[in-house]
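# Coordinate inspection notes
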Amino acid sequence: MIELADPLFLLLLPLPLLAARVLPGGKARGAALAVPDRIGKGLLSGAGEATPVLLQKQLVLLLAWALLVCALAGPRQLAPVSALKASGRDLAIAIDLSGSMVRDDFYLDGEQITRLQAVQSVGADFVRRRAGDRVALIVFGSEAYYAAPFSFDTEAIARRIEEATIGISGRATNISDALGLALKRLENSAAASRVVILLSDGINNAGSTNPRGVARLAADLGVRVHTIALGPRDLSDSAPGEPGVVDAATLRAISELSGGTSFRVRTTDELQEVTEALDRLEATDSDGLAAEVFREFWLYPAALGGLLLLWVAWRGQG
């Protein structure tokens, strides 16, 4: 249904008619010319023929005025817009970019890929499904830093995951600092729900803080930490000093101490299942906030009124 943004402008519609009645009409003045009756009658008949043309011009001008006034009134239509989801959740995602993530022991669509490529493929899709959450990205190796601050722009966060590079934060594994950095930003968050998803494929071998101690701090702050232990081999069943193994026990302890959930991932399919499980644990469904968006139609009467005025001007020159 079309409505008017400023209907009071319609009060201007009768203005030309009121002006014609109120303003005094001009009287033609000049020298008189005496002509024979026969010629005078011919002139008067020619003036009578011009009257319909004048009337047509006046009607066109009135129509142009009406169209311009309608444009000023702002005809518009409310456009249907889906409600914008707002979950009230701050979600920090911490991804391990240590040197072991370069190992190509995962498969996707029958092709051998690195651990990082598996995380990028599945993780980016997971982030894109988090509409309504404020999402941040932390990457860590020897050091931990924010690759993207908290934002509702999940597409931008997903692109950051897809562009992540191994070694940019060092080649060791500093789980404690990654979790501590996430907690530092979440500490002052006013969100109703604060969550960290921490993914690692190694053993905490950098930093001076015990990961379990940081997990207890997360519990005190009311922050849930879900952990993902990535990699085919586990520290508990591997040979001493074997490279590329993940400390699943420590990651499990972090999640249990903070009230989160721990996941063990050995294949790309399992990683996909984990993201679906996290979707169920941290659901994003909400009524959200509806926004009123209008389709504006003022341009059409304004353009037509302008064309009519140009036509009158052109006829006046002919």
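Up top is the structure these notes are about.
## Things to note about the overall build of the chain
Assigned secondary structure in the chain consists of 9 helices and 11 strands. Expressed as a percentage of the 318 residues in the chain, the buried residues total 38%. Long-range contacts, defined here as pairs at least 24 residues apart, represent 81% of the contacts in the chain between residues at least 6 apart. Surface accessibility of the chain: about 18,300 Å² in total, with carbon and sulfur atoms responsible for 58%.

## Quick notes on the pattern of salt bridges
Summed over the entire model, instances satisfying the criterion amount to 15 salt bridges. Of the charged contacts in the structure, one is a salt bridge between Arg130 and Asp133, with a shortest N-O distance of 3.0 Å. Across the pair, exposure class does not vary: Arg130 and Asp133 are buried alike. Between Arg264 and Asp234 there is a salt bridge, with the nearest N and O atoms lying 3.5 Å from each other. With Arg264 in strand 10 (residues 262-265) and Asp234 in the loop between strand 9 (224-230) and helix 7 (248-258), the pair connects residues that are 30 residues apart, well separated along the chain. Residue classification places Asp234 among the buried residues on the basis of a relative accessible area of 9%.

## Some details on the environment of Glu276
For Glu276, the location among the structural elements is in helix 8 (residues 268-281). By relative accessible area, which is 36% here, Glu276 ends up partly exposed. Residues Glu276 and Phe126 lie 150 residues apart in sequence; the distance between their C-alpha atoms is 8.0 Å.

## Quick look at the environment of Asp104
By the secondary structure assignment, Asp104 is in the loop between strand 3 (89-96) and strand 4 (106-108). By relative accessible area, Asp104 is classed as partly exposed at 42%. Measuring from C-alpha to C-alpha, the distance between Asp104 and Arg115 comes to 6.1 Å, with 11 residues separating the pair along the chain. Those residues in contact with Asp104, other than ones at most four positions away along the chain, are Gln112, Ile113 and Thr114.

## Looking at the packing of aromatic side chains
On inspection of all chains with the given rule, the structure shows 2 aromatic pairs. Where Tyr146 meets Phe150, the ring centres are 6.5 Å apart and the plane angle is 55°; that geometry is what we call tilted. Accessibility expressed as a relative area gives 15% for Tyr146, which makes it buried. By relative accessible area, Phe150 is classed as buried at 16%. With a centroid separation of 6.3 Å and an interplanar angle of 35°, the aromatic rings of Phe297 and Tyr300 are classed as tilted. Exposure remark for Tyr300: the relative accessible area of 58% places this residue in the exposed category. The ring of Phe294 carries Arg76 above its face, with NZ or CZ at 3.8 Å from the centroid.

## Overview of the packing of helix 3 (residues 115-128) against helix 4 (residues 154-162)
Relative to each other, helix 3 and helix 4 sit at 175°, their axes nearing to 8 Å. Of the possible angle classes, the one that applies to helix 3 and helix 4 is roughly antiparallel. Here Val119, Gln120, Gly123, Ala124, Val127 and Arg128 of helix 3 come into contact with helix 4, specifically with Thr154, Glu155, Ile157, Ala158, Arg159, Ile161 and Glu162. Considered class by class, the residues forming the contact of helix 3 with helix 4 number 6 nonpolar, 3 polar and 4 charged.

## Looking at the sheet that holds strand 8 (residues 193-200)
The strand order across the open sheet built from 6 strands is 7-6-3-8-9-10, with neighbouring strands paired in mixed fashion. Of all strands in the sheet, those bounded by a partner on one side alone are strand 7 (144-151) and strand 10. In this sheet, neighbouring strand axes are inclined to one another by 15° on average, regardless of whether the strands run parallel or antiparallel. Bridge count between strand 3 and strand 8: 7 bridges; the pairing is parallel. In the strand pairing of strand 8, Ile95 is matched with Leu199. Sheet strands touched by helix 4: strand 3, strand 6 (134-140) and strand 7. Its angle to strand 6, the strand with the most contacts, is close to 15°. Sitting on the sheet, helix 8 is in contact with strand 8, strand 9 and strand 10, with an inclination near 160° to strand 10.

Thresholds, definitions, all that
- Once a new chain begins, its residue numbering starts again from 1 and follows that chain's sequence as written.
- Only residues with pLDDT of at least 70 get local features here, since the model is predicted, and only at 80 or more are side-chain atom pairs given and counted; chain-wide, interface and lining totals rely on the full set of residues.
- Note that the side-chain values use all heavy atoms of the structure and ignore hydrogens as well as water.
- Strands are runs of DSSP state E lasting at least 2 residues, helices are runs of H or I lasting at least 4, and numbering of each runs from the N terminus.
- For every residue, the accessible area (1.4 Å probe, protein chains only) is compared with the maximum for its type, and the residue is labelled buried under 20%, exposed over 50%, or partly exposed between those bounds.
- By the convention used here, residues are in contact when the closest approach between their heavy atoms is within 4.5 Å.
- All accessible areas in this document rest on Shrake-Rupley with a 1.4 Å probe, and a residue is counted as covered only by the protein chains that are shown.
- For salt bridges, the criterion is a side-chain nitrogen of Lys or Arg within 4 Å of an Asp or Glu carboxyl oxygen.
- The pairing test for Phe, Tyr and Trp rings, Trp by its six-membered ring, is centres within 6.5 Å, and the orientation test on the planes gives stacked under 30 degrees, edge-to-face over 60, and tilted for anything in between.
- Two conditions define a charge sitting above a ring: the NZ of Lys or the CZ of Arg must be within 6 Å of the ring centre, and it must be within 35 degrees of the ring normal.
- All axes here are fitted lines through C-alpha atoms, helices being fitted over the stretch that makes contact, and every angle between N-to-C directions spans 0 to 180 degrees.
- Angular relationships are summarised with four words: roughly parallel below 35 degrees, roughly antiparallel beyond 145, roughly perpendicular across 65 to 115, and oblique for the angles in between.
- Under the scheme applied here, ten amino acids are nonpolar (Ala, Val, Leu, Ile, Met, Phe, Trp, Tyr, Cys and Pro), four are charged (Asp, Glu, Lys and Arg), and all others, including Gly, are polar.
- Between any two strands, pairing holds if DSSP finds at least two bridges.

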